[in-house]
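Residue-level structure breakdown
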Amino acid sequence: MAGNDWINSYLEAILDVGQGIENPKSSLLLRERGRFSPTRYFVEEVITGFDETDLYRSWVRAAATRSPQERNTRLENMCWRIWNLARQKKQLEGEEAQRMAKRRLEREKGRREAAADMSEDLSEGEKGDVISELSTHAENNRGKIRRISSVDVMETWASQQKEKKLYIVLISLHGLIRGENMELGRDSDTGGQVKYVVELARALGTMPGVYRVDLLTRQVSAPDVDWSYGEPTEMLTLRNYDDFTDEIGESSGAYIVRIPFGPKDKYIEKELLWPYIPEFVDGALGHIIQMSKVLEEQIGGGQPVWPVAIHGHYADAGNSAALLSGALNVPMLFTGHSLGRDKLEQLLKQGRMSKDEINVTYKIMRRIEAEEISLDASEIVITSTRQEIDEQWRLYDGFDPILERKLRARIKRNVGCYGRFMPRMVVIPPGMEFHHIVPHDGDMDGETEGNEDNPSSPDLPIWSEIMRFFTNPRKPMILALARADPKKNITTLVKAFGECRPLRELANLTLIMGNRDSIDEMSSTNANVLLTILKLIDKYDLYGQVAYPKHHKQSDVPDIYRLAAKTKGVFINPAFIEPFGLTLIEAAAYGLPLVATKNGGPVDIHRVLDNGLLVDPHDQQSIADALLKLVADKQLWAKCRQHGLKNIHLFSWPEHCKSYLSRIAAHCKTRHPQWHTDDDGNEVSDSDSPGDSLRDIKDLSLNLKLSLDGEKNEDSATLDSALDSEEPGADRKSKLESAVMTWSKGVHKGTNKAGNTEKADQNTIVGKSPALKLRKHIFVIAVDSYDSTELLEKIHKVFEAAGTSRTSGSVGFILSTALTISEMQTLLLSGGLSATDFDAFICNSGSEIYYPFSSSEAGPSEFPFVVDLDYYSHIEYRWDGEWLRKTLVRWAASIVDKKGENVQIVTEDEQRSTSYCCAFNVKNPALVPPVKEIRKLMRIQALRCHVIYCQNGTKLHAIPVLASRSQALRYLYVRWGVELSNMVVFVGESGDTDYEGLIGGVHKTVILKGVCSSASALLHSSRNYPLEDVVPFDSPNIVQTTEQCSSDDIRVSLAKLGVLKV
């Protein structure tokens, strides 16, 4: 409540209840009082810095009470409320301090372990004091904005780009987005980010070398919003950036593409969008694939044109971009705009809400996890300022500036990083449109005569609205443009102005604090700020010197800047912390010198523009001195104005886009879906049977039979022996699993060593179409049962429910589990099933995909599976299985049963491990840390992976960060064109810790009641957020069976989804 004057009023009333005060209207500050009062000291210490607006309403009621006794009772109650709030705040602060201390210890431990792994080949310089190195590096580079400043270099850069034909995808999900007449400020979701992404898309669409830009957002067809937000596509009108326009093509330019997802006919806030992210991802994936085919015909020369990068804006879009990046194997960029961890820290410091309350209100933990996922997948993280990197991103598990410094040094020296990856943080300030801005050279004393074509307009409506407040409107105007928010520090500005007589005599003060009809209709926080300002105006008798208009339009803002410049005024941003400061750039473009806070983005802006002064926002006298200096010294004012106008082009959109595209070219390795397709066998005709299409890929069995030099190897011989064995079932099962796993590892290793010729042969064979493309529907059985009998029972029931659709071939099946391929083979044999009963097998929690293989010419020793080698290249981004395995082994050794005899609880499962899945056994699932803690540990050490507890917590899998069972389904869509909307996924009531990813999306989901229900408490009780925050249980695509879960129940559920007829 610091800064709210009404506090003094009710505190005086509280103190009046006790001993009298010699001067009741005197200030309560102890230093001004001359004697110590414990009661006053206690109340003042409690109040300082604490924000609780309910107390103000309580004081209003107390002040209105006529009865002295009742009034005293109310005031006494208020005093106890204050004490209780202070106690709660101190408790929250203590918890926060403990949490921060724990975080520091974890980070230091992770940093030491990472340094130990990388210490073998470090130079003496790298082994030095890394912290001091980082400090020096940061000091030398802090605030530097790398830009192309030479005209010759710009022209050379533009000519080099003209030959490129880039396709870029931007994503911004929340708010209302359209190209013209943006409703900025309509709600908290439709603000500066909306304007930024639209202008970025528009500017990129104009750059040389960029053929098409798609801005993907949500399609909103709600009755309470304009119809334009329901249009599927909107072409953005491009600005003319002189020489930077490229040739026009049929589909070139910039577009807003609206993807339908979430509740139909309803506009919802961003906190409620989380469960529908997978649905957006599936819809966006379909659009990008379709566009790649369109661009293939126009500019691809027969090859699909994939996005050069997918750029997510804010946490929800970052999560979406990560999933799309993994599904398409293309680079990802991320811009946080506002970060969840920073917001959580600020809310906890306020002490008004507990962490649980914050999470319920803002879904903050889901947001933070989305930002961590974005760090896992991003090649580049774009920020506006160094402050965002140094003070906000360093709060995240996935980014450590000290470790990042070490990794960058190793990369520059071409030294390996031992499987550790860190996204590159780059500072690219937002751009602005300057082509329409003409700085005004006139002043209030000497107006330039206007004419019909170029009239001077001294009496624009907004000018008249402002100047009516002033006794002398010709004095220089000090302009502040900010919300009536405590963080913007407007009250300190008014105090500085009111207490500096020379400043009041030389200048007027204009406060543009948003729009309002009535103070009573404002939010309590904003209303309190405005009331405080009005009281300060009255206190210092500033009538005729301060303007605070009630209304202005967005289109009035340029005219307000012009008016301030016309009076030779100054623009000020006194915020306590300013993340960037776009208004500073806008003001500079109109020729206004600046006074700005020294905390945050203005430091970077001032370093580039050099057009004003920086101040301590807490120092009232410093603010007054800086304003007076600029207003009184006309030479300094003219110099700052000139510098700003000279350097402002460095913040233009073309400049921003050139830095943007240069970063992509320098730091994003080109990745896109790659596989060889045989033109003769690429398409399967309707007359071909599923068996024929499966035989098209039978030659992949050569991988199981031949070594890389063409001779039969020991692994294949072992496999043949296991398959031909007539030993009893248990022994044969063990021998078979061992042989298959040995073979599987050999294939993985052989893939990495294969020459170009053999790789081409494998890809040619895999390019043949499997049966998946022939199916009308695909049933994906993803039941996470650790009991093979229960799993087989559910498989047979799903088969029975499919009925004739299965025998006719219109329905195909995919088995998706955490089992290895050998365990799947054993499962099928024990259940009397054949590999050809399924079209594909997703194994090891989504790290492997196999297809069935059968041939009339095959012998009894033929292994009935074919591995999809292209899938490995699709998911290997940021994967180094060996170093991850070593780290996990070290971690597993620390997990012991302290109550027993220090028995190790987690042990490596070498037999089940493959090159893309590190497997571990868990002896006692109740004693191991939750999966979120393991993910946190890996992120702190810059190891990017997807950690999963499976088989009811008895197994632990670590797979590539872009791999999962849900992502494997998207891969099948990209690879074979299997429509996701034609898939039906069968899951239990709970499952492995990747369970949530299998439910959302455009596919249908059938939840089998009573199946895997026991796994919920064990595996999911310690999640950061409830399942409802990520799973859309109200979706019409999700149905549940009855408790009996019979084949008839399943058939009824399928009928509800419109898949089968009962």
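The structure presented is a predicted model; accordingly, all values stated were derived computationally and were not measured. Throughout this document, residue positions are counted from 1 along each chain, in the order its sequence is written. Thresholds applied to this predicted model are a pLDDT of at least 70 for local features of residues and 80 or more for the giving and counting of side-chain atom pairs; totals over whole chains, interfaces and linings are not thresholded and use all residues. By convention in this description, side-chain values take in all heavy atoms of the structure and omit both hydrogens and water.

Pairing between two strands is assigned when DSSP locates at least 2 bridges connecting them. In this description a helix means any DSSP run of H or I spanning at least four residues, a strand means any run of E spanning at least two, and both kinds are numbered starting from the N terminus. Here we have 8 strands laid out as an open sheet, ordered β19-β18-β17-β16-β15-β26-β27-β28, and mixed in their pairing. The outermost strands of the open sheet, each flanked by one partner alone, are β19 (865-867) and β28 (1038-1040). Strand-to-strand twist of the sheet, defined as the mean angle between neighbouring strand axes without regard to direction, takes the value 25°. Direction of pairing for strand β27 (residues 1004-1008) relative to β28: parallel, over a ladder of 3 bridges. Looking at the pairing, Ile1007 lines up with Gln1040 of β28. Simply put, an axis is a line fit to the C-alpha atoms, just over the touching stretch for a helix, and the angle between two N-to-C directions goes from 0 to 180 degrees.

Further remarks concern the nonpolar core. Residue types Ala, Val, Leu, Ile, Met, Phe, Trp, Tyr and Cys, when buried and joined through side-chain atoms within 4.5 Å, form a set referred to as a nonpolar core. Between buried and exposed lies partly exposed: a residue is buried under 20% and exposed over 50% of the maximum accessible area for its type, with that area taken using a 1.4 Å probe on protein chains only. With 165 residues, the main nonpolar core has Ile171, Phe779, Phe838, Phe841 and Leu1054 as its most contacted residues. For this core, the leading source of residues is helix α8 (residues 277-300), giving 9 residues. Ignoring anything within four residues of it in the chain, the contact list for Phe841 reads Leu815, Met824, Leu828, Ala835, Glu848, Ile849, Tyr850, Pro852 and Phe865. Residues Met432, Leu493, Val570 and Leu630 belong to the second largest nonpolar core, which totals 76 residues. Whether two residues are in contact is decided by their heavy atoms, any of which lying within 4.5 Å being enough.

The 6 strands are arranged β11-β10-β9-β12-β13-β14 in an open sheet whose pairing can be described as parallel. Single-partner strands in this sheet number two, and they are β11 (546-547) and β14 (612-615).

As a further point, take the packing of α8 against helix α9 (residues 314-328). Between α8 and α9, whose axes approach to 10 Å, the crossing angle comes to 50°. Regarding the angle of α8 to α9, the classification is oblique. You can see that α8 and α9 cross each other, and the crossing is right-handed. Contacts between α8 and α9 involve Ile277, Phe280, Val281, Ala284, Leu285, Ile288 and Ile289 on the former and, on the latter, Asp316, Ser320, Leu323, Leu324, Ala327 and Leu328. Classification convention: Asp, Glu, Lys, Arg as charged; Ala, Val, Leu, Ile, Met, Phe, Trp, Tyr, Cys, Pro as nonpolar; all other residues, Gly among them, as polar. Residue composition of the contact of α8 with α9, by class: 11 nonpolar, 1 polar and 1 charged. Should an angle fall under 35 degrees it is taken as roughly parallel, and over 145 as roughly antiparallel, whereas 65 to 115 is taken as roughly perpendicular and any remaining angle as oblique. By convention the crossing between two helices is left-handed if the near helix lies anticlockwise of the far one by an angle smaller than a right angle, and right-handed if it lies clockwise.

Attention now goes to unusual backbone geometry. Across residues other than glycine, the phi torsion is negative in most instances, and most of the peptide bonds are trans. Even without being a glycine, Arg878 presents a positive backbone phi close to 60°. Within the secondary structure, Arg878 is located in the loop between α33 (869-875) and α34 (881-894). Residue classification places Arg878 among the buried positions, given a relative accessible area of 8%. Even without being a glycine, Asn952 presents a positive backbone phi close to 60°. Position of Asn952 relative to the elements: it lies in the loop between β24 (945-950) and β25 (955-960). The exposure class assigned to Asn952 is buried, which follows from its relative accessible area of 16%.

Below, the discussion takes up the confidence of the model for the chain. As a per-residue measure, pLDDT tells how confident the predictor is, with possible values from 0 to 100. Overall, the predicted model of the chain reaches an average pLDDT of 80, with 74% of residues at or above 70. For the stretch residues 678-720, pLDDT sits under 50, and the model shows 77 contacts to residues farther than four places along the chain or on other chains. Scored below 50 in pLDDT, residues 746-767 shows 41 contacts in the model against residues more than four places distant or in partner chains.

Any two rings among Phe, Tyr and Trp, with Trp reduced to its six-membered ring, count as a pair given centres within 6.5 Å; such a pair is stacked if its planes are under 30 degrees apart, edge-to-face if over 60, and tilted if neither. Inspection of the entire model under this criterion finds 19 aromatic pairs. Centre to centre, the rings of Tyr872 and Tyr916 are 4.8 Å apart; their planes meet at 5°, and the pair counts as stacked. With Tyr872 in helix α33 and Tyr916 in the loop between β22 (906-908) and β23 (918-922), this residue pair connects regions lying 44 residues apart in the sequence. When sorted by exposure, Tyr872 lands in the same class as Tyr916, which is buried. Through pairs of rings, three or more aromatic residues link up here, namely Phe779, Phe799, Phe813, Phe838, Phe841, Tyr850, Phe865 and Phe986. Should the NZ of a Lys or the CZ of an Arg lie within 6 Å of a ring centre and within 35 degrees of the ring normal, that charge is described as sitting over the ring. In this structure, Arg218 packs its charged tip against the face of Phe261, placed 5.8 Å from the ring centre. We note Arg671 situated over the ring of Tyr877; from NZ or CZ to the ring centre the distance is 3.9 Å.

A word on the environment of Ile814. Along the chain, Ile814 falls in strand β16 (residues 811-816). Given the relative accessible area of 0%, Ile814 is considered buried. Separated by 36 residues in sequence, Ile814 and Tyr850 place their C-alpha atoms 10.0 Å apart. Apart from residues lying up to four places away in sequence, Ile814 is in contact with Leu772, Ile778, Phe779, Val780, Ile781, Phe838, Ala840, Ile842 and Leu972.

With that out of the way, let us pick up the environment of Arg806. Along the chain, the position of Arg806 falls in helix α31 (residues 804-808). Under the relative-accessibility criterion, Arg806 is labelled partly exposed at 31%. Taking C-alpha positions, Arg806 is 9.9 Å from His777, a pair spaced 29 residues apart along the chain. Excluding anything up to four places from it in sequence, Arg806 contacts Phe799, Val811, Phe813 and Asp837.

A separate point is the packing of helix α22 (residues 620-632) against helix α23 (residues 634-647). In contact at an axis separation of 5 Å, α22 and α23 are set at 95° when each is read in the N-to-C sense. Considering the angle they form, α22 stands roughly perpendicular to α23. Of α23, the residues touching α22 (which contributes Lys629, Leu630, Val631 and Ala632) are Lys634, Leu636, Trp637 and Cys640.

To continue, consider the pattern of salt bridges. Once the charged atoms of two side chains with opposite charge are near each other, the side chains can pair. By definition, a salt bridge exists where a carboxyl oxygen of Asp or Glu is found within 4 Å of a side-chain nitrogen of Lys or Arg. Under the criterion given, the structure shown has 39 salt bridges. A salt bridge links Glu578 to Lys488, with the shortest nitrogen-to-oxygen separation between them at 3.5 Å. You can see Glu578 sitting in the loop between β12 (570-573) and α20 (582-589) and its partner Lys488 sitting in the loop between β9 (477-481) and α16 (490-499), a full 90 residues away along the chain. Among the residues examined, Glu578 registers a relative accessible area of 11% and is labelled buried. What makes Lys488 buried here is its relative accessible area of 17%. The shortest N-O distance in the salt bridge between Arg885 and Glu882 comes to 2.8 Å.

Disulfides are defined as pairs of cysteine sulfur atoms found within 2.5 Å of each other. The full count for this structure, using the stated rule, is 0 disulfides. Take Cys918: it sits in no disulfide, and the sulfur closest to it among the cysteines is that of Cys917, at 6.9 Å. Among the residues examined, Cys918 registers a relative accessible area of 4% and is labelled buried.

Here we take up helix α12 (residues 364-377). For a helix, the expected span equals 1.5 Å multiplied by the residue count minus one. With 14 residues, α12 should cover 20 Å at 1.5 Å per step; its first-to-last C-alpha distance of 20 Å lies within 8% of that length. By the criterion of burial, α12 is predominantly enclosed, with 13 of the 14 residues buried.

For the rest of this paragraph, the subject is the pairing of β9. Burial within β9 is extensive, with 5 of its 5 residues counted as buried. Of the two faces of β9, both are covered, the one formed by Met477, Leu479 and Leu481 as well as the one formed by Ile478 and Ala480. Two elements, β9 and strand β10 (residues 508-512), share 5 bridges in a ladder whose sense is parallel. The partner of Leu479 across the bridge, within β10, is Thr510. Relative to β12, β9 runs parallel, the two being bridged by 2 bridges. Its bridge partner being in β12, Ile478 is matched across the sheet by Val570.

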